[in-house]
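In case you want the letters, here they are:
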Amino acid sequence: MKRKVKGEEPEDQSHAGTSTLKVSAKAKPKKRQKAASSSKSEVLWPEYFHSAINTVLAFISSKKQLAVTFQAIRTSVEAQLKHPLEITSVAELRALLPDLVKFSYVPKNELQVSGDKDKDYELLSQSQLLSKGPEESYVLVLELADNLQLKKSKNTGFAYSQPPAMSISALQKLIDRRNIACKEALDNLVIHAGPNEDPTLLLQDAGREFIPVDPTPAIPSEAVAGPSQIVPEPEARLPIPDIIEEITAQSWYKEQIIHHQVLPPKAAKLGSLDPLPSTSILQALADSRKVSTFYSHQASAIEGVRNGSHVVVSTSTASGKSIIYQVPLLMALEQDSDAKAIFVYPTKALAQDQKASLEQILFSCPGLSHLKVDTYDGDTPQDARVTIRETASVIFTNFDTIHASILPHENNWRRFLKNVKLFVVDELHYYTGLFGSHVALILRRFRRVAAAVGNRRVQFISCTATLANAGSHMEKMFGLEPSEVLAITEDGAPANQKDFLVWDPPLIDPLQPALGRASAMAEATGLMRFLMKRGVRVILFCKIRKICELAMKTIKADLSNEGRYDILKRVKPYRGGYSREDRRRIEADAFSGQLLGIVATNALELGIDIGVLDAVIMLGFPMTIPSFRQQAGRAGRRSKDSLTVLVTEPYAVDQYFANHPEELFEKKLDEIMVDVDSKVVLEAHLQCASYEMPISLSDEMWFGPSMRELCEKSLVKDKDGWYHPHPNFLPYPSGHVSIRGAQEEKYMVVEMSENDNTLKTIEEVEVSRAMFEVYEGGVFLHQGMTFITKEVSHDTRVAKVLKADVNYITSPRDYTDVDAMRTYRIRRAKSCLAYYGKVHVCVKVFGFFKIRNKTILDAVEVDTPPWDRDTTGFWIDVPKSILDLLRSLQLNVAEAIHAASHAFLIQFPLAEDVRTECKAAEKEYKVTESSRKRPARLIFYDSIGKGGGVSAKAFDHGRSLLEATLLQACDIVTNCPCEEGCTKCVASPSCKEANKVMSKLGATIILKGLLGRELDYSHENIQAEVYNGPDTIVDAPPVLAAQGIEIEES
């Protein structure tokens, strides 16, 4: 059927013929404007479209509630149409307006029917839901999700909205706006249809894809995809460039791709070994790993080990780094069957993965297949430990076990330690900050004990992701001289093409920018579903556990609505907190190739081999550039082409990289910081080392020049001059030294059975997280399923939950106060004073919101005990003169203090283990005066439970560290070219309040004032938004000081 447009000359048809509904339904701003501008030219619709527009008019006119079932609306629509309303007609409308019409089945007990006030839904088990029959279990729901003008809170920082209360005139405007959108979409379809295309058939064909599938009749495990829905085998999938092109042709694509970077294929660079390993080793590598040649970095590393060097290899993910230590091990075992090795990994899952790989090689190697490798960690049964110690040639372990089990019992391990030839530390970049400081001293303790039993020949091999300072980091971690370390950073591994996309969610309505952008969650999960349907194996990385569960819940609901149970059963979530059995099962499914999709936190960021992945989607920027590159490296691990997509969130950090995407690939990595001179950490390990063997002054070669002072001060000296542990650390000093910080108590989350007679543990949640995730009446998420928390016992730390399909989530209402309690030291830093002392952190959850689509359904109060902890920290009070200037300029003081605190931490070299009080928008922008006032203070405190004394370290460095950090922060904030703040100056990726309360200008004034610089600011020479709201900041009150303290000047 040919199309005609009145008042227009026939168009050139040279570009027609390929137009489909996908083109017309994009509704991009330019096209919509074009349709509007030609409104005087009446588009002639086929008769079928007149029926369609009558349908949408009737449908829209009767649609006034937030959620309406198809059955409820059908009668009123048919009364206006004078003929039946078919499901196919609504499906066609959804194809025409996919962003407006939502048409799907939902569990009946999720539904808010006819705008009734949300209530506590009936809690039903899955078996109860299925037993009720199709009509009682699921209902078909129609929604027009075009973002009603919700009742916004007067609190400008409030994240949620109240349900709308619409007047008749407002409702009529809404209906008119919807009708215009429908008319424009139909006009576009007719105008852009090819000369040989029938718009009616195009619409009907497209509508078939949007007919919702009732989940009830089909049992997910038995559901079979139709012929047109078969997922291609991974080997048969399209190349990534073709898939990207297909994405851009979809109806829902609205220019979300704002940056596309392609890393071209790279050929392998091979190296050679002279002499070659034995024929047995070469054959074992070929049989078990399909390795017949060595990449240049592998050959260089193996030769370095042969020559007696300690080796660190810093190359890309999946570059075959495990070969670097496996081959030297095989050669050592061939030469000496009594040789031993210790392989250390940061996670137990990674150790298990690498253990299986080594076992496979040994089994394939004649003469070595009888040798035993085993895991020795906290999960190893007591009755098996002696056997492992006496019979294993290689143990797979972690630093926690070396610290607490092996070194304290060195007398039992002497035979093993005397024969250790190789000590391998994988993922060396993992050991940074305070934890890295502990590990560095454990390595020194190991070297000391090994030397004492006669073994000074241990060679250390480390593998790591790309680091800026791989060689120096290894030197510092192991206590080695530069001449002893060979650092290899040139990557010889091949790589196929890698496509990187930065994906910015589109405006909800280009004609109404005030409505904001689409949800990053919806964009990421929608893209994941699209890729999986095309045989692309995807991992979706989420920054926190709750987002991981919400993403899995979204994918589960969307795939169920589409009837794609064939894909749903091949998608699994993976994160910390799951039981070991659950994690191992998911890892096995992934490695075997059964899974098409994984929704994970950074628990899978490390190098666990979970099989071949084709694509990585990151829901939000993953905190740091190294994490971004590490996550991106999870795709294309078998020399396949791969795709990485960063879906940006609306936060300052994400938007910075949306505007400067080149920095994701070109920015130089920061050097990893490890403080091996911390007296707090060193003293703790001297107590442990003196238990392993009494310390003498000659041990300074292992522990440095501060050792003598600390031994005299904190250890017990015998008559022969040997130092022993202080009695307070006995009987086992390592039991008093937690290298990962104090182990938090945990809440046990147990699922109640239908009759409440049995309880099943589903997860353990740390106390610091439990208060935000398990509160009575709240929704708890686990493996994409929703549970209602029915009862929480804070005495026994048990939370009882009941499975319930609800379509809302809960968001805790809380506040955090960080208060200076006692001053122990005062130090001058330029024109200000810095204080060190006791800091109290109090977190209180006082209620929660029930939220659906960012709309509050209900506000509930809860009575939970506060989370109180004491730690140490340092603070700088903001002088009254600076506060007066900020207020005279009508700047928000809370914004200025928050931004200045971030600016300091961004430049502070030990910031990884230090926190600050972050300001919440909901509190700081409250219209009504709040009784909660915070002191005008930049306050920083040691991470709870880690006990590393980083704050004390800042003071021990004298004025230099504090002053240098203030100066650097001030210079960078002052000279940074950004307008409102970025990750280089005041926006912190770790801000738990998303950097919403920020004033770069205010931070500049505070930092300059603290340094004594001139403050020449007035209304005439600044450009800043005027703040007229309540002031939440008061002058910082004096803090009680210990007796006798004086100001330290140097």
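Let us look at the structure shown here. Quick caveat, the model's predicted, so the values are computed rather than measured.

## Some words on the packing of aromatic side chains
At step 1: Under the counting rule described, the total for this entry stands at 31 aromatic pairs.
At step 2: Centroid distance Tyr-430 to Tyr-431: 5.4 Å. Interplanar angle 85°. Geometry classified as edge-to-face.
At step 3: Overall, Tyr-430 belongs to the partly exposed group, its relative accessible area being 31%.
At step 4: A residue is classified by how much of its surface remains accessible, and Tyr-431, at 1% relative accessible area, is buried.
At step 5: Within the aromatic cluster, the residues linked to one another by ring pairs are Phe-399, Phe-423, Tyr-430, Tyr-431, Phe-435, Phe-446, Phe-460 and Phe-478.
At step 6: Seen from the ring of Tyr-376, Arg-385 lies directly overhead, with NZ or CZ sitting 5.3 Å from the centre.
At step 7: The aromatic ring of Phe-530 is capped on one face by Arg-534, whose charged end is 3.6 Å from the ring centroid.

## Details of the environment of Phe-848
At step 1: Here Phe-848 lies in strand β30 (residues 832-852).
At step 2: On the basis of relative accessibility, which here comes to 1%, the residue Phe-848 falls in the buried class.
At step 3: For the pair Phe-848 and Glu-861, spaced 13 residues apart in the sequence, the C-alpha separation amounts to 6.4 Å.
At step 4: Residues contacting Phe-848, with those up to four places away along its chain left out, are Tyr-775, Glu-776, Gly-777, Gly-778, Thr-810, Ser-811, Pro-812, Arg-813, Asp-858, Ala-859, Val-860 and Val-862.

## A word on the sheet that holds strand β25 (residues 759-766)
At step 1: With mixed pairing, five strands are arranged side by side in an open sheet as β25-β24-β28-β27-β26. Two strands close off the open sheet at either side, each with one partner strand: β25 and β26 (779-782). Across the sheet, the mean angle from the axis of one strand to that of its neighbour is 40°, orientation sign disregarded.

## Observations regarding unusual backbone geometry
At step 1: Asp-274 connects to Pro-275 through a cis peptide bond whose omega is 0°.
At step 2: Counting through the fold element by element, Pro-275 comes out in the loop between β7 (270-271) and α11 (279-289).
At step 3: A cis amide bond, omega 10°, links Leu-730 with the succeeding residue Pro-731.
At step 4: Checked against the element boundaries, Pro-731 lands in the loop between β23 (723-724) and β24 (746-752).
At step 5: A positive phi is found at Glu-255, a non-glycine position, where the angle reads about 65°.
At step 6: With respect to the secondary-structure elements, Glu-255 resides in the loop between α10 (240-248) and β6 (257-263).
At step 7: Residue Glu-255 is classed as partly exposed on the basis of its relative accessible area, which comes to 44%.

Calculation criteria
- Residues numbered from 1 in each chain as written.
- Predicted model: local features only at pLDDT ≥ 70, side-chain atom pairs only at ≥ 80, totals over all residues.
- Heavy atoms only, no water.
- Phe/Tyr/Trp six-rings, centres within 6.5 Å; stacked < 30°, edge-to-face > 60°.
- Buried < 20%, exposed > 50% of the residue type's maximum accessible area, 1.4 Å probe, protein only.
- Lys NZ or Arg CZ within 6 Å of the ring centre and 35° of its normal.
- Helix = DSSP H or I, 4+ residues; strand = E, 2+ residues; numbered from the N terminus.
- Contact = heavy atoms within 4.5 Å.
- Pairing = 2+ DSSP bridges.
- Axes fitted to C-alpha atoms, helices over the stretch in contact; angles between N-to-C directions.

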